[in-house]
Amino acid sequence: MLQGKLFVNIKTSKIIIKYYDYFENNYRNMMKNHNFEESRQIIITTDLIKKILSKVSYDNNYYIGNINFLECIEPDEQYLNIIDELNKNKVVQKKQLIKKLNDEIAELSTEKGNDIESIEIICGTESKIRLFLYSNGIITADTKDKNNITKFINDILDGIINENN
Amino acid sequence: MKIIKFIVNYIEYMIPFLGVVLTGFGLRLSTFIVPIKEKFSTDLQLEIDLAFSILLLYIIKNLISFKDYIIINTEIKGPRTPTNHITLEKIDNESIMPEFVEISIDILNAHHIKGELYLEIRYARNIEIAIDNKPNELYFKQDHEKKNIIISLNTLFNFMLKNYQRETFKLKILSNTTRAADSSIELSIKSNKIRDNLRIKDSVEGMYIKII
């Protein structure tokens, strides 16, 4: 299992992943030694999550796993049904489903005030890898292969979480 | 403002009457300009005096008439309490989720705005912020080196409209420090045209953040 934190270089907009050992309580030390003038923390907002989910949906190598919310009260499962459909559907119907999912997420986040804590993305190639992306920019993956994580970042997150407004 | 505007409009209809009254009380052009008194008949003198009094009142009314100012109000509030103070947790071994604050912008009489209008959000170096639930039309530029976000209000509001408009969005915040500290987010409104008469209601708000 790997834990990492995503940063973006302020000048180059390049994504940086800093790994840490959660069980050794290394998160604080890693952050304490980080130069915030050089690279900034990433906050994964609901807007970014919508873009990530949209990109994942069009990439056959990845599937949307689950969406976890901050509030203890679970929202209705409408969004889960949409994700199920999205994962198995053909490209032609995806556009409508993504719009439905985005609307559902926007409603949960704005009107019902239930923000997303994390999203789970499954890499479906060869051996399956589960990646969790948290709203504070932390990633966890059930692999020790850093190359796979880098590939995930390049495939899905690059150009979204470090895009220029 | 509405009451003052009503009175000013009401007086406008009474100007001819007030002119007659003032003439009766002695405000007469013929008193100041002697040839009028000498060369015109009494009836004509009276008509000139009345016309002068009414004209004078119209000039005064136009000088003191109230203009519709552009009124902009911005508010920044914490999610749970309606105050501009929030507490943020410093970085520790348990990673924390971003806190959020809500920014709302109200605008009235936008039809007077001639140029571009911007909301600048400046934030301290010991925090990181990101705009969330962005309205589709909103255009903004975040400068991570200067630590500011410039929002083009022209993309958020219809400046053709006179009536009241309101927009709200979220700012998500994370602490950049492992120590307890103070922090802040400040808002300011900027215009690229000096002739845009801006009246910022209740001043532009700031957010005080305590990192514990």
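(A) Layout of the packing of aromatic side chains. All chains considered together, the criterion is met by four aromatic pairs over all chains. Here the aromatic rings of Tyr22(A) and Phe23(A) are separated by 5.5 Å at their centres, their planes lie at 85°, and the arrangement is edge-to-face. The lysine or arginine in question, Lys170(B), covers the ring of Phe100(B), its NZ or CZ lying 4.2 Å from the ring centre.

(B) Summary view of the interface of chain B and chain A. In this complex, chain B contributes 29 residues to the contact, which on the side of chain A involves 29 residues. Carbon and sulfur atoms make up 53% of the area that chain B and chain A hide from each other, which totals about 2600 Å². Remark: the boundary between chain B and chain A carries five salt bridges. Asp92(B) is the salt-bridge partner of Arg28(A), the closest N and O atoms lying 3.9 Å from each other. Inspection of the region where chain B meets chain A yields twelve residue pairs in polar contact (both at pLDDT 80 or more).

(C) Spotlight on a nonpolar patch on the surface. Residue and element names in this part refer to chain B. A surface patch of nonpolar side chains, amounting to about 420 Å² of accessible area, comprises Phe-6, Ile-7, Tyr-10 and Ile-11. With respect to the helices and strands, the residue Ile-11 is situated in helix α1 (residues 2–24). For Ile-11, a relative accessible area of 36% gives the class partly exposed.

(D) Helix α2 (residues 46–57) of chain A, seen in detail. Residue and element names in this part refer to chain A. End to end, α2 covers 16 Å across twelve residues, agreeing with the expected 16 Å (1.5 Å per residue, within 8%). Most of α2 sits out of view: nine of its twelve residues are buried. Buried within α2 are the following residues: Thr-46, Asp-47, Leu-48, Ile-49, Lys-50, Ile-52, Leu-53, Val-56 and Ser-57.

(E) Examining empty space enclosed by the protein more closely. Tallied over the entire structure, the rule returns one cavity of 30 Å³ or more. Taken together, Lys5(A), Tyr27(A), Gln41(A), Asn136(A), Ile91(B), Asp92(B), Glu94(B), Ser95(B), Ile96(B), Leu174(B) and Ser175(B) form the lining of the largest cavity. Here the residues of the lining of the largest cavity sort into four nonpolar, four polar and three charged.

(F) Looking closely at the pattern of salt bridges. Summed over all chains, the structure comprises 17 salt bridges over all chains. Of the charged contacts in the structure, one is a salt bridge between Glu186(B) and Arg122(B), with a shortest N-O distance of 3.2 Å. Separated by 64 residues along the polypeptide, Glu186(B) in strand β9 (residues 181–191) and Arg122(B) in strand β4 (residues 117–123) bring together distant segments of the chain. Classification of Glu186(B) by relative accessible area gives partly exposed; the value is 37%. Two residues, Lys210(B) and Asp182(B), come together in a salt bridge whose shortest N-O distance is 3.1 Å. In this pair, Lys210(B) sits in strand β11 (residues 206–211) while Asp182(B) sits in strand β9, placing the two residues 28 residues apart along the sequence. Residue classification places Lys210(B) among the partly exposed residues on the basis of a relative accessible area of 45%. Look at Asp182(B) and you get exposed, because its relative accessible area is 54%. Through salt bridges with shared partners, one network takes in Asp115(A), Asp132(B), Lys170(B) and Lys172(B).

Analysis parameters
- The residue numbering used here restarts from 1 in each chain and proceeds along that chain's sequence as written.
- By the order in which they are written, chains take letters starting at A while ligands take numbers starting at 1.
- Predicted model: local features are reported for residues with pLDDT of at least 70 only, side-chain atom pairs are reported and counted for 80 or more only, and whole-chain, interface and lining totals are derived from all residues.
- The side-chain quantities take in all heavy atoms of the structure and omit both hydrogens and water.
- The pairing test for Phe, Tyr and Trp rings, Trp by its six-membered ring, is centres within 6.5 Å, and the orientation test on the planes gives stacked under 30 degrees, edge-to-face over 60, and tilted for anything in between.
- In our convention, an over-ring charge means Lys NZ or Arg CZ found within 6 Å of a ring centre and within 35 degrees of that ring's normal.
- Contact between two residues is taken to exist if any of their heavy atoms lie within 4.5 Å; hydrogens are not considered.
- Take the accessible area each of two parts loses on contact, using a 1.4 Å probe, and add the two losses: that sum is the buried area.
- Whenever Lys or Arg places a side-chain nitrogen within 4 Å of a carboxyl oxygen from Asp or Glu, that contact is recorded as a salt bridge.
- Within 3.5 Å is the distance limit for a polar contact, defined as a pair of N or O atoms, with the added protein rule that one can donate a hydrogen and the other accept it, and that residues adjacent in sequence qualify only through two side-chain atoms.
- Surface patches are defined over residues having more than 30% relative accessible area and no salt bridge, joining like charges when they lie within 9 Å and nonpolar side chains (Val, Leu, Ile, Met, Phe, Trp, Tyr) when within 5 Å.
- Each accessible area is a Shrake-Rupley estimate made with a 1.4 Å probe; only the visible protein chains count as cover when residues are assessed.
- Secondary structure follows DSSP: runs of H or I at least 4 residues long count as helices, runs of E at least 2 residues long count as strands, and numbering of each begins at the N terminus.
- Relative accessibility decides the category of a residue: with a 1.4 Å probe and only protein chains considered, values under 20% of the type maximum give buried, values over 50% give exposed, and everything between is partly exposed.
- Take the residue count of a helix, subtract one, and multiply by 1.5 Å to get its expected span.
- Each cavity reported here is a set of points on a 1 Å grid over the protein atoms alone in which a 1.4 Å probe fits but cannot get out, each pocket an open set with protein on both sides within 12 Å along at least five of seven lines, and each lining residue one with an atom within 4 Å of a point.
- Grid points are joined across faces, edges and corners, and a volume is the space filled by probe spheres set on the points.
- Any residue that is not Ala, Val, Leu, Ile, Met, Phe, Trp, Tyr, Cys, Pro, Asp, Glu, Lys or Arg is counted as polar, Gly included; the first ten are nonpolar and the last four charged.

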